[in-house]
Amino acid sequence: MSGRPLVSIVNVEKHFGSFHALKGVSLDVQAGEVLCIIGASGSGKTTLLRCINQLVHTDSGAIWVDGELTGHRIQGHSLHPLSEAEIARQRLSTGMVFQRFNLFPHMTALENIVEGPVQVQGRPRRECEAEARTLLERVGLAHKADAYPANLSGGQQQRVAIARALAMKPKLMLFDEPTSALDPELVGDVLAVMKELARSGMTMIVVTHELGFAKEVADRVVFMDHGSIVESGSASEVLGNPREARTQAFLSAVLS
Amino acid sequence: MTQPVQARSALPDISGYRLVPERHWGRWAAVALIALLLAGLARAFAVGDIEWTYVGQFLTAPAIMQGLVNTIWMSIAAMALGITLGVGTAVMRMSPNPVLQGVAMGYTWLFRGTPIILQLLLWFNLALVFPKLGWGDYSLRTVDVMTPMLAALLGLGINQGAYTSEVVRAGMLSVDTGQYEAAKSIGMTRLTALRRIVFPQAMRVIIPPLGNEFIGMVKLTSLASVIQFAEILHNAQNIYYANSRVIELLIVAAIWYLVIVSILTPAQMLLERRFSRGAGGSR
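Treat the numbers as computed from the prediction; the structure is a model and nothing was measured.

Calculation rules
Residues numbered from 1 in each chain as written. Chains lettered and ligands numbered in written order. Predicted model: local features only at pLDDT ≥ 70, side-chain atom pairs only at ≥ 80, totals over all residues. Heavy atoms only, no water. Contact = heavy atoms within 4.5 Å. Buried area = accessible area lost by both parts, 1.4 Å probe. Salt bridge = Lys/Arg side-chain N within 4 Å of Asp/Glu carboxyl O. Polar contact = N/O pair within 3.5 Å; in protein donor to acceptor, adjacent residues only side chain to side chain. Helix = DSSP H or I, 4+ residues; strand = E, 2+ residues; numbered from the N terminus. Nonpolar A, V, L, I, M, F, W, Y, C, P; charged D, E, K, R; others polar. UniProt positions renumbered as here; feature names shortened; annotations may be inferred. Axes fitted to C-alpha atoms, helices over the stretch in contact; angles between N-to-C directions. Parallel < 35°, antiparallel > 145°, perpendicular 65-115°, else oblique. Left-handed = near helix turned anticlockwise from the far one by under 90°. Expected span 1.5 Å × (residues − 1). Buried < 20%, exposed > 50% of the residue type's maximum accessible area, 1.4 Å probe, protein only. Arc of directions from axis to C-beta. Patch = residues over 30% accessible without salt bridge, like charges linked within 9 Å, V, L, I, M, F, W, Y side chains within 5 Å. Areas by Shrake-Rupley, 256 points an atom, 1.4 Å probe, with all protein chains shown as cover.

Observations regarding the interface of chain B and chain A
One frequent convention defines the size of an interface as the accessible area lost when the parts assemble.
Line of reasoning, step 1. Between chain B and chain A, the contact holds 24 residues from the first and 26 residues from the second.
Line of reasoning, step 2. When chain B packs against chain A, close to 2,200 Å² is buried across both sides, 54% of that on carbon and sulfur atoms.
Line of reasoning, step 3. Our count for the chain B to chain A interface comes out at 2 salt bridges.
Line of reasoning, step 4. The shortest N-O distance in the salt bridge between A:Arg50 and B:Glu181 comes to 2.3 Å.
Line of reasoning, step 5. At the boundary of chain B and chain A, one finds 6 residue pairs in polar contact (both at pLDDT 80 or more).
Line of reasoning, step 6. The set of elements that each furnish at least two residues to the side of chain B that touches chain A consists of helix H8 (177-185) and helix H9 (190-220) of chain B.
Line of reasoning, step 7. With 7 residues, the top contributor of residues to the side of chain B that touches chain A is H8(B).
Line of reasoning, step 8. Its residues assigned to classes, the side of chain B that touches chain A comprises 6 nonpolar, 10 polar and 8 charged.

Here's what the structure looks like:
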């Protein structure tokens, strides 16, 4: 990989009250890379993901996305907080997929996907609907365009949620345990969509418990524990031959 | 070959038996008793000292009709003002800005903390505090501006806003935080997220209590009779001051209140159905 990383996380700290969620985390993600973050619950992996698109604000440190500092404007040698509208604009470069899907229940699948491009980007509805249908086809749900989320299975909802995020044409996709809330037989369809997305060259950061997916798709795997990155490397290194004792303990607990 | 799921047992085969519906003897007894009580009540009023012909005569009298119109439009106008203020206050109360939060809390505290009839009297007597409204050449005598109608609208609407804000806030709180996050993640600002994502979902929770408040408002307008607003009860009273048919005219007013409320109840159901899109498993 060459050139400037798409995401650059530098020494990020985050506390929730007395809980130290992130302890000086630094991480670079190159354009086109698929990065999987693994670790026990409470290790800070979801918090890190949410810091990248500013659903959580960091205490200190810096997160750069596509060369732009998130959350603050640099003026001389001081940092000024961005307005809400500017933060909303910065979020356009990242798409997010949530553990609980979070589709808008009062809108059909198609309306969910069209909502952002029409309301936020102000693009013509017609054009957006055509794109949305293409996206639904891509995630294998062309026939569900007019279904409300309540009438879709968890796996179908999550695939619509991926299409909704892609409709904004993001440079980076964030996945927060996208298959954890799914019945086991529905996980495969969602992972298949994510694999196709990875092959298409999308930059992806995936917080996951699916070690099989990480092994197959990830260019790099990061193991986090107690708010720090413990180990980082290729999937075969981290998952197949971990150097750190804490990684070994986690993997043996997960795989047993 | 697969094993049978169930072994043949010694229990009797009941598949051909007739299903006997449950008899509700208690309910029939209660209906008979209620019918008897209602008949007795109807008879008591029929032979009591009420001239029913007066009720029929005044039911559509011009003054009563004018009062009915005033009651209806004042209910709608005060409720519209109340909802506008209530939504604004709820949004301010839920904002991250502490100044806006404080203003919203102060407003709710002030107008929920004093009786509505006192507020109506204060608005109506505003001229005692401020004889003139406006600046310099652009001022008007307060008594000319603060008519019974305007005093009633301000008193009822601003008071309603304080209550409606809590109803709206409860509705906003009922929407999952994941919805706000999903809205933010596709680049929405807070106000766009509220308008497009949160409020349409909150409506399901807001409408039943708001329908309740609207029905309450129809009856609350009768309080404006104390500041001479010509709503239905005020006009009924004016008639019975002249002809002493007190009970007959109160019954006339009661009939019209019941008619309005009877129309509002199914209207509320239609509105609830409109906002339940996507909820549950309906297609």
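A few points about the UniProt feature "domain: ABC transmembrane type-1" (unreviewed entry) in chain B
Line of reasoning, step 1. Per the UniProt record, "domain: ABC transmembrane type-1" (unreviewed entry) is found at residues 68-268 of chain B.
Line of reasoning, step 2. Secondary structure content for residues 68-268 of chain B is 77% helix and 4% strand, while the C-alpha to C-alpha distance between its ends is 21 Å.

So, the packing of helix H10 (residues 232-243) of chain B against helix H11 (residues 246-274) of chain B
Residues and elements named next belong to chain B.
Line of reasoning, step 1. The geometry of H10 relative to H11 is characterised by a closest axis approach of 9 Å and an angle of 165° between their N-to-C directions. Overall, the two elements H10 and H11 adopt an arrangement that is roughly antiparallel. Crossing hand, H10 versus H11: right-handed. Mapping the contact onto sequence places Ile232, Leu233, Ala236, Ile239, Tyr240 and Asn243 in H10 and Val246, Leu249, Leu250, Ala253, Trp256 and Tyr257 in H11.
Line of reasoning, step 2. Residues of the contact of H10 with H11, tallied by class, amount to 11 nonpolar, 1 polar and no charged.

Description of helix H4 (residues 125-138) of chain A
All names here are of chain A.
Line of reasoning, step 1. Compared with an ideal rise of 1.5 Å per residue, which puts 14 residues at 20 Å, H4 spans 20 Å between its outermost C-alpha atoms and is within 8% of the ideal.
Line of reasoning, step 2. Along H4, the residues that are buried comprise Cys128, Ala132, Leu135 and Leu136. Seen end-on, H4 carries its buried residues on one side only, within an arc spanning 100°. Opposite the packed face of H4, turned more than 90 degrees from it, sit the exposed residues Arg126, Thr134 and Glu137.
Line of reasoning, step 3. Packed against the buried residues of H4 are helix H3 (109-120) and helix H5 (154-166).
Line of reasoning, step 4. Positive backbone phi, approximately 75°, marks Gly140, located one or two places after H4.

A short note on a nonpolar patch on the surface
Residues and elements named next belong to chain B.
Line of reasoning, step 1. A surface patch of nonpolar side chains, amounting to about 520 Å² of accessible area, comprises Ile34, Leu38, Leu41, Phe45 and Trp52.
Line of reasoning, step 2. Relative to the helices and strands, Phe45 is located in helix H1 (residues 25-47).
Line of reasoning, step 3. On the basis of relative accessibility, which here comes to 42%, the residue Phe45 falls in the partly exposed class.

Re the pattern of salt bridges
Side chains that carry opposite charge are capable of pairing whenever their charged atoms lie near each other.
Line of reasoning, step 1. Under the criterion given, the structure shown has 21 salt bridges over all chains.
Line of reasoning, step 2. A:Glu127 is paired through a salt bridge with A:Arg123; the nearest N and O atoms lie 3.1 Å apart.
Line of reasoning, step 3. On the basis of relative accessible area, A:Glu127 is assigned to the partly exposed category, the value being 38%.
Line of reasoning, step 4. Judged by relative accessible area, which is 17%, A:Arg123 ranks as buried.
Line of reasoning, step 5. For the salt bridge of B:Glu248 with B:Arg245, the shortest nitrogen-to-oxygen distance reads 3.7 Å.

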